[in-house]
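Geometric and topological summary
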Amino acid sequence: MSTHVMEQLKQLSRGTVEIFTQAELAQRLTEAAQAGRQMRIKLGLDPTSPDIHLGHTVVLRKMRQFQDLGHKAVLIIGDYTARIGDPTGQNTTRPMLTPEQIERNAQTYFEQAGKILDTDPARLEVRHNSEWLADLRLADTIRLAATMTVARMLERDTFDIRYKKGDPIGVHEFLYPLMQGYDSVMVRSDVELGGTDQTFNNLVGRDLQRVNNQPPQIVITTPILVGLDGKDKMSKSKGNYVGVTDDPANMFGKIMSISDAMMENYFTLLTSLPVEQIAELTNPNRTHPKQAKVLLGKTIVAQFHGSAAADAAAAEFDRIFAKGQLPDDMPECPVGATPILLKNLLTLCKLVETGAEAKRMVQQGGVSLDGQKAIDANAEITPRDGMILQVGKRRFARLRVQ
RNA sequence: GGACAGGUGCCCGAGCGGCUAAAGGGGAUGGGCUGUAAACCCAUUGUCGUAAGACUACGUAGGUUCGAAUCCUACCCUGUCCA
């Protein structure tokens, strides 16, 4: 193995959970290099939800590494599977999507993924799996199903758990891994990327390729990113996520809220900093955790918004939270000049949802007017132009008398 | 097709005729502590009303009752088992 390939292997292994198998990857890289051939790196994506967050970017970043080494990203939109809909599983309300919705979602997804991937057509190929799945006949499907056994299906832990618990498993659910595996055959993938939750499905692709006389794809799994709460996986429904379209201030603030212990994980999976540097940064004897976290926040924000925006977000954060000062700019709230009850003013400026909430906030000492803590929600306030209203640490409004 | 079990607030979950705007937990929010945090502590967590209070809420629609989340009827939905 050349030192060149060894270097690549090292890079590609970073932040992965498993590679099936490392030896095959080394060999495939070597062969491709010798033949001057682009490897085809497959990633399936679920077009049921258009928004992507940092959790999705872990695998996308891995894809980008392959692209940077000259290989081709093959993104597969699971439009066929999404169209059928999957009524079982945890998410019982998963809706059936129309082709238009799927296209729209896929489009949005690309715009966001494009912040990480190289979108040069020479490095990116996008396919829909309806291209080949829609034409399968029942006989083909049965042949496909015949390559798998029930016992092997039941090895998959999500099935295993549900089966032992007596939870229902729809027969069609057995078909999903097969369809995804068939995708691999159709695009002749060399490598398939995916989160650890996709391990089984992706390994099925290996089997199907073998059956179809193709060299089996190498499967690389990436970790599931832990959400901001440090407990569950990052997901939109849990609300513990950082969306790639979040504005810089928000993105930075969210990252600053993670616990120190999570920093190493985020540094490794979400930045390209060298491992040695990460070790320095996450050693509290060498680097103050706050400093490290600021750097983490800036680095991540910079990926999506540029470093100027990242610096600005960090400065703003420091001003508001560390120094307790006012933000650079805040929403303005147009008001009349006539006296108004404080609680009504708060709702009017949308700092709180309801009058009841306004009362609560004031009672708890979370409301201030021009820096003066308010004590009575029913106080009459005579609006003055430029007056500053604050609720909690992060909600501000500047009054504009009309 | 049949037999059970169940549908409660953002989520989980207790309640099973009045004392229930509904225990407990989670989450969220506010305050304290801090490094910005996390952990921890305290508080708040239906709407409207200055307040007294009023209104809305326990799958849906009716009914019984002075009074229903709690009882009855029908319907819808979910799960398990039998066929």
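The sections below set out a description of the structure shown in this document. (Residues numbered from 1 in each chain as written. Chains lettered and ligands numbered in written order. Predicted model: local features only at pLDDT ≥ 70, side-chain atom pairs only at ≥ 80, totals over all residues. Heavy atoms only, no water.)

1. Re the pattern of salt bridges
Stated formally: Salt bridges are identified by distance alone: a Lys or Arg side-chain nitrogen within 4 Å of an Asp or Glu carboxyl oxygen. The way it works is that DSSP assigns letters per residue, a run of H or I at least four long becomes a helix, a run of E at least two long becomes a strand, and they are numbered from the N terminus. Think of it in three bands: with a 1.4 Å probe and only protein chains considered, a residue is buried below 20% of the maximum accessible area for its type, exposed above 50%, and partly exposed in between.
One pass over the full model with this rule turns up 21 salt bridges. A salt bridge links Glu24 to Arg206, with the nearest nitrogen and oxygen atoms 2.9 Å apart. Within this pair, whereas Glu24 is found in helix α2 (residues 22-35), its partner Arg206 is found in helix α11 (residues 199-211), the two being separated by 182 residues in sequence. Judged by its relative accessible area of 23%, Glu24 is partly exposed. When its relative accessible area of 10% is taken as the criterion, Arg206 is described as buried. Between Arg384 and Asp370 there is a salt bridge, and its shortest N-O distance comes to 2.8 Å. Here Arg384, found in the loop between β11 (380-381) and β12 (388-391), pairs with Asp370, found in the loop between β9 (367-369) and β10 (372-373); they are 14 residues apart in sequence, far enough to count as distant. For Asp370, a relative accessible area of 37% translates into the label partly exposed. In this structure, a network of salt bridges that share partners links the residues Arg40, Glu125, Arg127 and Glu131.

2. A word on the state of the cysteines
To be explicit about the condition: Our working definition of a disulfide is a cysteine sulfur pair at a distance within 2.5 Å.
Here the structure, examined in full by the defined rule, presents one disulfide. Covalent S-S linkage joins Cys333 and Cys349, the inter-sulfur distance amounting to 2.1 Å. Between Cys333 and Cys349, the S-S dihedral sits near -80 degrees, and the bridge is therefore left-handed. Of the two residues, Cys333 is situated in strand β7 (residues 332-335) and Cys349 in the loop between α17 (342-348) and α18 (355-363); the sequence distance between them amounts to 16 residues. Residue Cys333 is classed as buried on the basis of its relative accessible area, which comes to 4%. For Cys349, a relative accessible area of 11% translates into the label buried.

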